[in-house]
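As a plain string of letters, each chain reads:
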Amino acid sequence: MATYKIGYFVGSLASGSINRTLANALIRLAPDDLEFTEIPIKDLPLYSYDYDADFPPEGRALKNAIEGSDGVLFVSPEYNRSIPGALKNAIDWGSRPWAPIRLPASRPESSAPRRAASARP
Ligand SMILES: Cc1cc2nc3c(=O)[nH]c(=O)nc-3n(C[C@H](O)[C@H](O)[C@H](O)COP(=O)(O)O)c2cc1C
């Protein structure tokens, strides 16, 4: 049976993150041919193209992890009607100077505990 490597990002840096709990639940429910590895984001420096000449180990590790994945999964809270800055920073790291993160299709689902949360006018 072929297996597919899925790298997953947890957008929250909180120690008790409900999104990490959600990610773990999703992994338990996933088909056996998917193999999940978290791609850590919390120790990434804030991205600047100054780093493009010589990536720090955290940036290099993120790029290698994305390149080694067949797909990526984002499990994240919403912050101020957008994604948390830490996750945006990770995407910036992944997209420069070349672009290993391509998002041709995405399926946003809300993890918000309240019914009205994440509602859009
Ligand atoms: C800075 C900040 C901004 C937030 N902005 C939103 C928001 O725009 N919409 C929303 O539904 N929830 C918002 N929330 C609530 C979080 O999305 C919610 O508490 C989430 O469950 C936290 O996930 P975590 O436990 O994985 O960190 C915000 C929380 C924080 C800390």
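Anyway, here's the lowdown on the structure attached to this text. A quick note: this is a predicted structure, and the numbers were derived from the prediction, not measured.

**Side note on the pairing of strand β1 (residues 4–10)**
Note: β1 against strand β2 (residues 34–38), five bridges, orientation parallel. When the sheet's bridge partners are listed, Y8 is paired in β2 with E38. Of the crossover connections in this fold, the one passing from β1 over helix α1 (residues 18–29) to the parallel β2 is right-handed. Note that β1 and strand β3 (residues 71–75) share five bridges and pair parallel. Looking at β3, one finds that V10 is bridged to V75.

**Details of the nonpolar core**
Core analysis: the largest hydrophobic core is formed by ten residues, namely F9, V10, A23, I39, I41, L62, V75, L87, A90 and W93. Secondary structure elements with two or more residues in this core: β1 and α3 (85–95). Take this core: its biggest share by element is three residues, from α3. The residues touching W93, leaving out its near neighbours within four places in the chain, are L44, Y47, G59 and L62.

Parameters at a glance
- Residues numbered from 1 in each chain as written.
- Predicted model: local features only at pLDDT ≥ 70, side-chain atom pairs only at ≥ 80, totals over all residues.
- Pairing = 2+ DSSP bridges.
- Helix = DSSP H or I, 4+ residues; strand = E, 2+ residues; numbered from the N terminus.
- Right-handed = clockwise from strand over helix to strand, strands pointing away.
- Core = buried A, V, L, I, M, F, W, Y, C linked by C-beta atoms within 7 Å.
- Buried ≥ 20, exposed ≤ 12 C-beta atoms within 10 Å, placed from the backbone.
- Contact = placed C-beta atoms within 7 Å.

Read these as geometric descriptors, not functional statements.
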